[in-house]
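# Examining the three-dimensional arrangement
Chain residues, written in single-letter form:
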Amino acid sequence: MIERTLVLVKPDGVQRGLIGDIISRFEKRGLKIVGMKMVWVDKDFSKQHYSAHIDKNFYKGLEDFIISAPIVAMAVEGINAVELVRKVVGSTEPKSAPIGTIRGDFAHVSYEYADKKGISIKNLVHASGNSEEAEQEVSLWFSVEELFNYKSANQDYVM
Ligand code: GDP
Ligand code: MG
């Protein structure tokens, strides 16, 4: 029931100075950050992380975007964390992401706009899509030594 999932503040979130606002959404929900670092990835790493998307027509734009500035990577832990984090993040297209979600509150572009320009959708955050993806992605981005077990106040007052 308690899961770990990968969250990335993508280059647009870092460059817009929204790292703190984004992290606080997860903290306030009672989720626990068990790993965190800033990384500037290269094309090879992008292909590993987005291996499922390499053949898609938006991959080139996605790769250009993801290597354009540093990313803040987090491993986030909580009850059904994978599903919950996706809910906090909102749907992929900011235009249709519900208000109250990160993508719905801090971004607004549409698929149509991004595709016409040949760029990736700037949607601030990556979050693992399912439990299998979460396990795979947390181990791609974090070594065992970079993940921490510690007691948080949430364990007494939220969980
Ligand atoms: P996510 O799991 O919600 O991040 O969405 P996906 O795994 O389907 O896609 C990965 C990322 O590629 C998205 O977050 C967007 O930044 C970008 N992306 C996905 N679909 C499209 C698309 O149809 N057009 C464009 N331009 N970018 C896309
Ligand atoms: Mg995805």
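In what follows, the accompanying structure is described. Bear in mind the structure is a predicted one, so any value in this text is a computation, not a measurement.

## A few points about the sheet that holds strand β3 (residues 71-79)
An order of β2-β3-β1-β4 is seen for the four strands of this open sheet, with the pairing classed as antiparallel. Only two strands of the sheet have a single neighbouring strand rather than two, namely β2 (32-39) and β4 (125-127). Strand-to-strand, the axes of this sheet are offset by a mean angle of 20°, without reference to chain direction. Alignment of strand β1 (residues 2-9) against β3, held across eight bridges, turns out to be antiparallel. Each bridged residue has a counterpart across the sheet, and for Val9 the counterpart in β3 is Val72. Where helix α2 (residues 19-28) meets the sheet, its contacts fall on β1, β2, β3 and β4, and the angle it forms with β2 comes to roughly 160°. Strands β1, β3 and β4 of the sheet are contacted by helix α5 (residues 81-89), whose axis makes an angle of about 35° with β1.

## Re the nonpolar core
One finds Ile22, Phe26, Val85, Ile102 and Leu124 to be the most contacted residues of the largest nonpolar core, which totals 23 residues. The greatest single-element share of this core, amounting to five residues, is contributed by α5. Every residue in contact with Val85, bar those within four places of it in the chain, is listed here: Thr5, Val7, Phe26, Leu31, Val76 and Ala127. Grouped together as the second largest cluster of nonpolar side chains are 16 residues, Leu6, Leu8, Phe45 and Val138 included.

## A word on helix α4 (residues 59-66)
In terms of burial, α4 is largely enclosed, as six of its eight residues are buried. For α4, the full list of buried residues reads Tyr59, Gly61, Leu62, Glu63, Phe65 and Ile66. Residues of α4 that are buried sit in contact with α1 (11-15), α3 (43-49) and β3.

## As for the pattern of salt bridges
A complete count under the given rule lists eight salt bridges for this structure. Salt-bridge contacts for Glu77 lead to Arg4; the nearest nitrogen and oxygen are separated by 2.8 Å. Within this pair, whereas Glu77 is found in strand β3, its partner Arg4 is found in strand β1, the two being separated by 73 residues in sequence. Here Asp64 makes a salt bridge to Lys60, at a shortest N to O gap of 2.8 Å. Of the two residues, Asp64 and Lys60 both sit in helix α4, four residues apart, roughly one turn of that helix. Judged by relative accessible area, which is 34%, Asp64 ranks as partly exposed. In the salt-bridge network here, residues are joined through shared partners; they are Arg4, Lys32 and Glu77.

Reading guide: rules and limits
Along each chain, numbering runs from 1 in the same order as the chain's sequence is written. All chains are assigned letters beginning at A, and all ligands numbers beginning at 1, according to the order in which they are written. Under the rules for a predicted model, residues below a pLDDT of 70 receive no local features and side-chain atom pairs below 80 are neither given nor counted, while totals for whole chains, interfaces and linings still include all residues. Hydrogens and water molecules were not included; the side-chain quantities draw on all heavy atoms of the structure. When DSSP locates at least two bridges between a pair of strands, those strands are taken to pair. The secondary structure listing takes helices from DSSP runs of H or I that are at least 4 residues long and strands from runs of E that are at least 2 residues long, numbered from the N terminus. Inter-axis angles, ranging from 0 to 180 degrees, are taken between N-to-C directions of lines fitted to C-alpha atoms, where helices are fitted over the stretch in contact. Any two residues whose heavy atoms approach within 4.5 Å at even a single point are treated as in contact. Residues enter a nonpolar core if they are buried and are Ala, Val, Leu, Ile, Met, Phe, Trp, Tyr or Cys, with the set joined through side-chain atoms within 4.5 Å. Only protein chains enter the area calculation, which uses a 1.4 Å probe; residues under 20% of their type maximum are buried, those over 50% are exposed, and those in between are partly exposed. Any carboxyl oxygen of Asp or Glu that lies within 4 Å of a side-chain nitrogen of Lys or Arg is treated as forming a salt bridge with it.

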